[in-house]
Amino acid sequence: MPKPKIGIYWCASCGGCEEAVVDLAEDILGVVEKVDIMFWPCAMDFKKADVEAMPDKSLVATLLNGAIRSSEQEEMAHMLRRKSKYMIAYGSCACTGGIPALANQFPREQILRYVYEESPTTVNEAKTRPQLKFAEAGREVTLPELRNVVRSLDQVVDVDYYIPGCPPTPKITKAAIGALLEGRMPPKGSVLSPDVALCEECSRRDSKPTNVAFTEFKRTHQKHLDPQLCFLAQGVICMGAATRQGCGAQCPSGNMPCTGCFGGTDRVKDQGAKALSSFCANIAAKEADEIDQTLKGIPDPVGTFYRYGLAKSLLRRKAGLPMSNGK
Amino acid sequence: MNATPKPTNGSWSPSLVAFFCNWCTYTAADLAGVSRMKYAPNIRTIRLMCSGRVDPQFILDAFSKGADGVLIGGCHPNDCHYAEGNYKCLRRFRLIKRMVADLGIEEQRLRLEWISAAEGEKVKTVVNEMVDQLKALGPLGIPKQFAEWDAEMTRLEHAAQTSQSAESEVAHA
Ligand code: SF4
Ligand code: SF4
Ligand code: FES
């Protein structure tokens, strides 16, 4: 019997998700034995033309990581969707926009100007910007276009399953691939990670206060963090209660609060609003001025509560930003 | 829920979504109605048992579905039926207001007022004031923006498809 074929692709991603696949360590050999990897540009030499030549639905699954942010990424997502029986959003960026989606707070022009002209490490006196088309010696070369909006994969193509995490852990990756190979897939649209809040699997759970009354919020660099106590008891924002489990609470184990990379549980529509709701409700003060004083400890609510999920949040992007057209 | 108001003969009129506590502001709005006080018809009221039930998700949902403004009405401090609900509401409000401002939604589009069951007059004043402010601000139009953002994708998808054959020639060369 021929081995099932899979593809692995990256879009607007940092490469961490690719690393996560490699992190399967010796287990990757078990996977490689059971499947044929037909497309994995980060690790092996494949060309787009190879994918184009594949019959439709000939891949059992594509694991696609990264947000969708350029015309090329969008085109590849459409193509891989056609070629795959299952399209799997792999990692926070593909699932909910991830860190790249924080760019949804800025106009594209501002981003390009900063990156190509203003950033302290940039020397570009001619203010050269990448062009979509460039002709030289009778040959025209092209570059993909950067979109105004950063999107999650399912805002571009139909997605069958989600493997969350920044990056997903080897454990849930292995479980997902196992389920895929054995044909034990849950209903379409499922997130392949337990639908329970992270606190349940956190070793600090016993010290989680039942009645917090925050008088201040401290950020991680402003405080010496106790290695055992629940972060909430230390006045530090931990997204555990608003985040789906599956990572084994690795950040709290490493003495850092959860920043929410696994996304919310299924019944939560907007992870950021939910997190904001529970932190604020538990502030001690009752007067607007004092409340504001406490809230000074959260200088950037969007970055704190939507660190990985702005693209998929209810508002998706800052309102009123211009949509520039073309180069 | 669809908060987009039907345009009356082509002219835009703001849509204001209100979350009113059953025990106070909702009753006050009722009183205002019964006493035939005139206030702007732009308001769509959602009755909740307490302002503490106003989940910030509701506010964002209302904006994302076309509300131009969101008004929350609750019992005065110390008067909440459930003792602490209005304080919870106030604390959430203080941050969500800042957060929606960071997301490009003007501060005046979100307002919290304490209005007791007897203050029908205050409902009228607050609603009229807010509708005037929304008129001055103009439409927020989040659903329209979603459509524009999505159009970027389909437009460029066509572009990608037409350039595809040319690019694959290069790949084979
Ligand atoms: S809030 Fe954070 S530290 Fe506390 S139990 Fe939950 S995950 Fe652990
Ligand atoms: S603790 Fe939170 S941020 Fe850290 S890996 Fe787990 S879900 Fe992600
Ligand atoms: S009952 Fe009215 S605000 Fe709580």
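Criteria and cut-off values
- Residues numbered from 1 in each chain as written.
- Chains lettered and ligands numbered in written order.
- Predicted model: local features only at pLDDT ≥ 70, side-chain atom pairs only at ≥ 80, totals over all residues.
- Heavy atoms only, no water.
- Disulfide = S-S within 2.5 Å.
- Buried < 20%, exposed > 50% of the residue type's maximum accessible area, 1.4 Å probe, protein only.
- Domains from an automatic or database assignment.
- Contact = heavy atoms within 4.5 Å.
- Buried area = accessible area lost by both parts, 1.4 Å probe.
- Salt bridge = Lys/Arg side-chain N within 4 Å of Asp/Glu carboxyl O.
- Nonpolar A, V, L, I, M, F, W, Y, C, P; charged D, E, K, R; others polar.
- Pairing = 2+ DSSP bridges.
- Helix = DSSP H or I, 4+ residues; strand = E, 2+ residues; numbered from the N terminus.
- Axes fitted to C-alpha atoms, helices over the stretch in contact; angles between N-to-C directions.

## A look at the state of the cysteines
Residue and element names in this part refer to chain A.
- The full count for this structure, using the stated rule, is 0 disulfides over all chains.
- The thiol of Cys11 is not disulfide-bonded; the next cysteine sulfur, from Cys93, is found 10 Å away.
- When its relative accessible area of 10% is taken as the criterion, Cys11 is described as buried.
- Cys166 forms no disulfide, and the closest cysteine sulfur to it belongs to Cys261, at a distance of 5.6 Å.

## Quick notes on the domain arrangement of chain B
All names here are of chain B.
- For chain B, the assigned domains are domain 1 (16-139) and domain 2 (141-173).
- Opposite the 7 residues of domain 1 that make contact, domain 2 presents 4 residues.
- Taking both sides of the interface into account, the surface hidden between domain 1 and domain 2 amounts to around 320 Å²; carbon and sulfur atoms contribute 66%.
- Across the contact surface, domain 1 and domain 2 share 0 salt bridges.
- Here the side of domain 1 that touches domain 2 is built from residues that sort into 3 nonpolar, 2 polar and 2 charged.

## Quick notes on the sheet that holds strand 2 (residues 43-48) of chain B
All names here are of chain B.
- What the 4 strands build is an open sheet, ordered 2-1-3-4; its pairing is parallel. Two strands lie at the open edges of the sheet, namely strand 2 and strand 4 (110-114), each paired on one side alone. Direction aside, the axes of adjacent strands within the sheet are offset by 20° on average.
- Examined bridge by bridge, strand 3 (residues 69-74) and strand 4 share 5 bridges and lie parallel to one another. Bridging across to strand 4, Gly74 finds its partner in Trp114.
- Against the sheet, helix 2 (residues 56-64) engages strand 1 (16-21), strand 2, strand 3 and strand 4, with an angle of about 150° to strand 3.

## So, the sheet that holds strand 1 (residues 5-10) of chain A
All names here are of chain A.
- One open sheet holds the 5 strands; their spatial order is 2-1-3-5-9, and the pairing between them is parallel. Edge positions in the open sheet fall to strand 2 (36-39) and strand 9 (161-163), since each of these has one partner strand only. For this sheet, the mean angle separating the axes of adjacent strands, direction not counted, is 30°.
- Contacts from helix 7 (residues 170-181) reach strand 3 (59-65), strand 5 (84-90) and strand 9, with the element oriented near 170° to strand 5.

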